[in-house]
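# Tertiary structure, described
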Amino acid sequence: MALTVAPSPVTESATTRPGRSCLGSSRVAFSATLAANETMDARRRRGEPVLPMGFGEAGLPAHPLLREALADAAGYTSYGPVAGHPRLREAAASYWGRRGLPTDADLVVAGPGSKALLFGLVSAIGGDVAVTRPSWVSYAAQAALAGHVAHFVPGDAGVPDAGELARTVSAARTAGRRVRSVIVTLPDNPTGRVAPPAAVRDLCSVADRHDLIIISDEIYRDLVHDGQAGFASPASLAPERTVVTTGLSKNLALGGWRLGVARMPDGWLGRELAGRLAGVGSEIWSAPAGPVQQAAAVAFGEPPALAERVALSRRLHARVAQQVALRFAKGGASVPAPQAAFYVYPDFSPLADVLLERHGISGDDGLAALLLARYGVCVLPGSAFGEQGGRLRLRAATSLLYGETEAQRSAALDAADPCSLPWIAASLDRLDEVLAELTG
C-alpha cells in the first residue's frame, strides 16, 4: 500500500490547482505493518470476519499503576529538556544497569517512541546502513528518508551473517559508498528468534574491524520466552560502539503512549552522538510528551507490580505464539520455533507445488493477498521485511488474538492456559480451517 498524491489533470489551470511540477519524484511507501492494521480496522467496520495477525501490537491493557501515574502527571505541560526529563533518564539508566549495562544518565536520550529515535540515529550518524535480510520494515525506509542507502545482508534472528556483512561493507566502499552503521534486532522481528551469542560476538568483531556503529534495537528484550537465557547484547561486547534502543510499547503494551529511550555508547562517541541526536530531536519532536515521561519513569523503575505484569505477558505471548506455530506446522509449513515476543515466521516453501497448482501462487505477496481476500486472515509477506521475491515466507503476529475487549485481554493475561479460552481457541480453530482449505 503506497501513500500517493494523484496529479491534477492537465486541463486544470495552474492558477487554480497545483500543477504536475510542484511535487518531486520522491514517494514514501506506507508502512506495511500500519497498513495491515488499517486494513483490519476497515474490514471490521464493514462487518467482515478477520483473523488479525498482521500488526505487531502487544494487545494488552495498560497496568493500573501506569494509568494512575499518567493521570497524576497531567500537569506537566512544558516542553522540558529535548533529551528527556532527568527523572526518566535516570530511571532508564537504572533499567539498563540491572541488565548488566552500567549507564550514565547523561548518555540517555528519550524520544516519542524508539522508532523516532532510530530515524534520528540514522540521520545523526550519516552514511549508509547495513540491515539484516529479513528485518523490520522501517529500517531500510528510514535510511532512504534520511538520504542514505540500506544494504541488505543475509542473516538470521535479526543479526547479519558476519562474513556477508564484511563483504558488503568492503564492496560498498569500493563502489564509493561508506557504510557507517549496522542495525540489529535483539530479539528479532519478524522471526521471533533470539540470535546466539556467537553470532553477536562475530558481528562485534566485524564492526570493530570496519569501524561500524552498531544500533541494537532491543525493544523485545524483556519478552524472551525463556527469561534472559542466551541473550547477548552487543553493548556488553562492544560498549564503545553500540547504541541500544528500547521503549514501553512491547513489554508493557503502551504503543500508543509513544515513548522510547536510547543508550549511547561509552566514551567520546556516546557524548558526540547524544548531542547530535538531541539536535535532531530539537528540530523534529522538540521533546517527548511530559506526562508520558513521568509515567515512563515509573515503568523503567520496575516496581514489583510491573515486573509481575511483564512476566505474565511474556508467558501469554509464548504460549499463544507456540500454538500458532504448531498450527502452521500442521498445515505443512516449515516454522522456526518462536523464542521471543509474539511473532511466528512460517515458510510455505514445502507447499510451493500445491499453492501453485491450486491457487496459481508463486510468491509471498500473492499468498498474503489470498489469505486476506478469501479468508480474512491478515499476515505480512516476507518481502515487506526485505526477503527476495519468490520466497513463500509470512510473518504472523499473534498478540491481537487475545480478545476484543479489555476484560478478555485481562483474562488471557491471567490464564494459566490462555489457548483454552473460548475466543482464543476459536481463532486457533479458524486458522486450522483456513490452512486445511488452503492446502487441501
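Going by the structure above, here's the rest.
What you see is a predicted model; the values in this text were computed from it and never measured.

## Remarks on the nonpolar core
Ranked by internal contacts, the top residues of the largest apolar core, which has 47 residues, are Met53, Val324, Phe328, Phe348, Leu367, Leu371 and Leu438. Elements with a minimum of two residues in this core: helix 11 (304–330), strand 10 (343–344), helix 13 (364–375), strand 13 (394–397), helix 14 (406–414) and helix 15 (422–439). Excluding anything up to four places from it in sequence, Leu367 contacts Phe348, Leu355, Ile361, Leu392, Leu394 and Leu438. Ala124, Val129, Trp136 and Leu277 belong to the second largest nonpolar core, which has 33 residues in total.

## Quick notes on the packing of helix 4 (residues 114–125) against helix 5 (residues 138–145)
Two elements in contact, helix 4 and helix 5, have axes whose closest approach is 9 Å; the angle formed by their N-to-C orientations is 45°. By the angle between their directions, the pair helix 4 and helix 5 is classed as oblique. Considering the relative orientation of helix 4 and helix 5, their crossing is right-handed. Between helix 4 and helix 5, the residues in contact are Lys115, Leu118, Phe119 and Val122 and Ser138, Tyr139, Gln142, Ala143 and Leu145, respectively.

## Quick look at the sheet that holds strand 10
Strands in a sheet are paired, the pairing made by backbone hydrogen bonds, and the direction either parallel or antiparallel. Taken together, the three strands give an open sheet; going across it, the order is 10-13-12, and neighbouring strands pair in antiparallel fashion. Only two strands of the sheet have a single neighbouring strand rather than two, namely strand 10 and strand 12 (380–381). As defined by bridge partners, strand 12 adjoins strand 13 across two bridges and the pair is classed as antiparallel. Within the sheet, the bridge partner assigned to Pro381 lies in strand 13 and is Leu394. Sheet contacts for helix 13: strand 12 and strand 13; angle to strand 13, the most-contacted strand, approximately 40°.

## Some points on the packing of helix 11 against helix 14
At a minimum axis distance of 8 Å, the contact between helix 11 and helix 14 shows a crossing angle of 90°. If you check the angle between helix 11 and helix 14, you find them roughly perpendicular. On helix 14, the residues that touch Arg309, Leu312, Ser313, Arg315 and Leu316 of helix 11 are Ala412, Leu413 and Asp414. Looking at side-chain class alone, the contact of helix 11 with helix 14 contains four nonpolar, one polar and three charged residues.

## Some details on the sheet that holds strand 5 (residues 159–160)
Across the sheet, which stays open at both edges, the eight strands sit in the order 2-9-8-7-6-3-4-5 with mixed pairing between neighbours. Each of the sheet's edge strands pairs with one partner strand only, and the pair in question is strand 2 (108–111) and strand 5. The sheet contacts of helix 3 (residues 86–97) involve strand 2, strand 8 (242–247) and strand 9 (260–263), and relative to strand 2 the element is tilted by about 115°. Relative to the sheet, helix 6 (residues 162–174) contacts strand 3 (128–133), strand 4 (150–156), strand 5 and strand 6 (179–185), its axis offset from that of strand 4 by approximately 165°.

What counts and what doesn't
Residues numbered from 1 in each chain as written. Predicted model: local features only at pLDDT ≥ 70, side-chain atom pairs only at ≥ 80, totals over all residues. Heavy atoms only, no water. Core = buried A, V, L, I, M, F, W, Y, C linked by side-chain atoms within 4.5 Å. Buried < 20%, exposed > 50% of the residue type's maximum accessible area, 1.4 Å probe, protein only. Helix = DSSP H or I, 4+ residues; strand = E, 2+ residues; numbered from the N terminus. Contact = heavy atoms within 4.5 Å. Axes fitted to C-alpha atoms, helices over the stretch in contact; angles between N-to-C directions. Parallel < 35°, antiparallel > 145°, perpendicular 65-115°, else oblique. Left-handed = near helix turned anticlockwise from the far one by under 90°. Pairing = 2+ DSSP bridges. Nonpolar A, V, L, I, M, F, W, Y, C, P; charged D, E, K, R; others polar.

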